[in-house]
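Analysis of the macromolecular model
Letter by letter, the chains look like this.
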Amino acid sequence: MDFLDKIKKIFFVSFRIWKYKFLSDCDNVSGKPNLFHPILLKGNGKISFGKNVQIGVVASPNFYSHYAYLEVRNSASEITIGDNVSINNAFSAVAFSKITIQNNVLIGVNCAIIDNDGHNLDIDKRNDDELKSVPVFIAENVFLGDDVTILKGVTIGRNSVIGNGSIVTKSIPENVIAAGNPARVIRNL
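Residues numbered from 1 in each chain as written. Predicted model: local features only at pLDDT ≥ 70, side-chain atom pairs only at ≥ 80, totals over all residues. Heavy atoms only, no water.

So, the overall build of the chain
When helices and strands are counted, the chain shows 1 helix and 20 strands. Here the C-alpha radius of gyration of the chain, 17 Å, is about what a compact globule of 189 residues would show, namely 16 Å. Counting only C-alpha atoms, the chain reaches 50 × 40 × 30 Å along its principal axes. Classification of the 189 residues of the chain by burial places 39% in the buried group. Sequence separation of at least 24 residues holds for 35% of the intrachain contacts in the chain that already meet a minimum separation of 6. Placing the 20 positive and 18 negative side-chain charges of the chain at their respective mean positions leaves the two points 5 Å apart. (Helix = DSSP H or I, 4+ residues; strand = E, 2+ residues; numbered from the N terminus. Rg over C-alpha atoms; globule rule 2.2 N^0.38 Å. Buried < 20%, exposed > 50% of the residue type's maximum accessible area, 1.4 Å probe, protein only. Contact = heavy atoms within 4.5 Å. Lys, Arg positive; Asp, Glu negative; His and termini not counted. Charge placed at Lys NZ, Arg CZ, Asp CG, Glu CD.)

With respect to a negative patch on the surface
A cluster of like negative charges, contributed by Asp-122, Asp-124, Asp-128, Asp-129 and Glu-130, occupies part of the molecular surface. Here Asp-128 is to be found in the loop between strand S12 (112–114) and strand S13 (136–138). Owing to a relative accessible area of 38%, Asp-128 belongs among the partly exposed residues under this scheme. (Patch = residues over 30% accessible without salt bridge, like charges linked within 9 Å, V, L, I, M, F, W, Y side chains within 5 Å. Areas by Shrake-Rupley, 256 points an atom, 1.4 Å probe, with all protein chains shown as cover. Salt bridge = Lys/Arg side-chain N within 4 Å of Asp/Glu carboxyl O.)

Regarding the packing of aromatic side chains
Under the criterion given, the structure shown has 5 aromatic pairs. Pairing Phe-11 with Phe-15 gives two aromatic rings, centres 5.3 Å apart and planes at 80°, and the pair type is edge-to-face. One end of the pair, Phe-11, and the other, Phe-15, are both in helix H1 (residues 3–23), 4 residues apart, so they sit about a helical turn from each other. Taking the relative accessible area as the measure of exposure, Phe-11 reaches 48% and is therefore partly exposed. When the ring of Tyr-20 is compared with that of Tyr-67, the centres are 4.5 Å apart and the planes differ by 25°; the resulting orientation is stacked. Here the residue Tyr-20 occupies a position in helix H1, and Tyr-67 occupies one in the loop between strand S5 (54–55) and strand S6 (68–72), the gap between them amounting to 47 residues. (Phe/Tyr/Trp six-rings, centres within 6.5 Å; stacked < 30°, edge-to-face > 60°.)

Keep in mind these numbers describe shape, not what the thing actually does.
So, in structure tokens, the structure goes:
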């Protein structure tokens, strides 16, 4: 690495990582991911990282402009990330109950996982904090392509692949490829 590359890394990567660590307010974090990209950890719940978790990919979109965002809103909320998980740039996960990502999962650029509705659909309750939340479970060896959104209550079975741009509204069985909006199984592996 030459001198100019070291300067770029300090100013455009390391300082950003430190900034988002400083801005994070989640106090119940266990494990230490390998950070190549900034990550903001928010909320009153628990976030746990397994061994060899990578956040960010240098040679991928959004590396210099975005950050990863993990939020565990309530004291009982939890995000658990297993071993050997690789998460690309601009990832977000918001848990009101629980999001589990098991071992050996690959997550593409700009993916989002949310275990709740975000806002109530009832007009009179839209700004209430009480939301329906159902846990999300991503089994081991799953591959999520770029721009995938996974909504509340979804389980994605072992070894399955979710195609780019998919919105997963219902559970996906193991050993399949699913894609679309809403995502559906398009073939077995």
